[in-house]
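# Topology and contacts: notes
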Amino acid sequence: RPEWATAAYWLRFAPTLHITDAGFLARGRTPFFINPATVRQGLIQDGFFELAPPEDDGLFEDGGGWGLDVAELGKAMVALGAGGWPPVYALVFDE
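Let me begin by describing the structure that accompanies this report. What you see is a predicted model, and the numbers here were worked out from it, not measured in a lab.

Attention now moves to the pattern of salt bridges. This model, assessed by the stated rule, comprises two salt bridges. For Glu-3, the salt bridge is made with Arg-1, and the minimal N-O distance between the two is 3.9 Å. Assessed through its relative accessible area of 33%, Glu-3 is described here as partly exposed. Classification of Arg-1 as exposed rests on a relative accessible area of 67%.

Bringing the side chain of Glu-95 into the picture now. Tracing the backbone shows Glu-95 in the segment after helix H4 (70-82). Looking at Glu-95, its side chain comes within polar contact range of the side chain of His-18, at 2.4 Å.

What follows deals with the packing of aromatic side chains. Evaluation of the coordinates by the stated rule reveals eight aromatic pairs. On the numbers, 4.9 Å between centres and 90 degrees between planes, the contact of Tyr-9 with Trp-10 is edge-to-face. In this structure, Tyr-9 and Trp-10 share a single accessibility class: buried. On the basis of an interplanar angle of 75 degrees and a centroid distance of 6.3 Å, the ring pair of Tyr-9 and Trp-85 is categorised as edge-to-face. Placement of the pair is Tyr-9 in helix H1 (residues 7-11) and Trp-85 in the segment after H4, with a sequence separation of 76 residues. Taken as a pair, Tyr-9 and Trp-85 share a single burial class, namely buried. Following the ring pairs from residue to residue traces out a cluster consisting of Trp-4, Tyr-9, Trp-10, Phe-13, Trp-85 and Tyr-89.

Quick notes on the rules
- Residues numbered from 1 in each chain as written.
- Predicted model: local features only at pLDDT ≥ 70, side-chain atom pairs only at ≥ 80, totals over all residues.
- Heavy atoms only, no water.
- Salt bridge = Lys/Arg side-chain N within 4 Å of Asp/Glu carboxyl O.
- Buried < 20%, exposed > 50% of the residue type's maximum accessible area, 1.4 Å probe, protein only.
- Helix = DSSP H or I, 4+ residues; strand = E, 2+ residues; numbered from the N terminus.
- Polar contact = N/O pair within 3.5 Å; in protein donor to acceptor, adjacent residues only side chain to side chain.
- Phe/Tyr/Trp six-rings, centres within 6.5 Å; stacked < 30°, edge-to-face > 60°.

Spelled out as structure tokens, the structure:
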């Protein structure tokens, strides 16, 4: 379906999120340290790895270090699932 290729279609699931939003993307992200050995060990041992959120340096207004509204992203995943899409399709959003 052609509408699947439009930002408007996906934003129906999460109107507060962003898709190819230059202003949002220009904000940048708070850098954080990733220990490759820890990531590797997690992948070997558990099949996945976890990252703790970066330190909150006050750059964003979300009250945390990720630089995005995690609750809104979670709501998007639920809405996508309810709409018949796998929640991983949340990757379409800039967040």
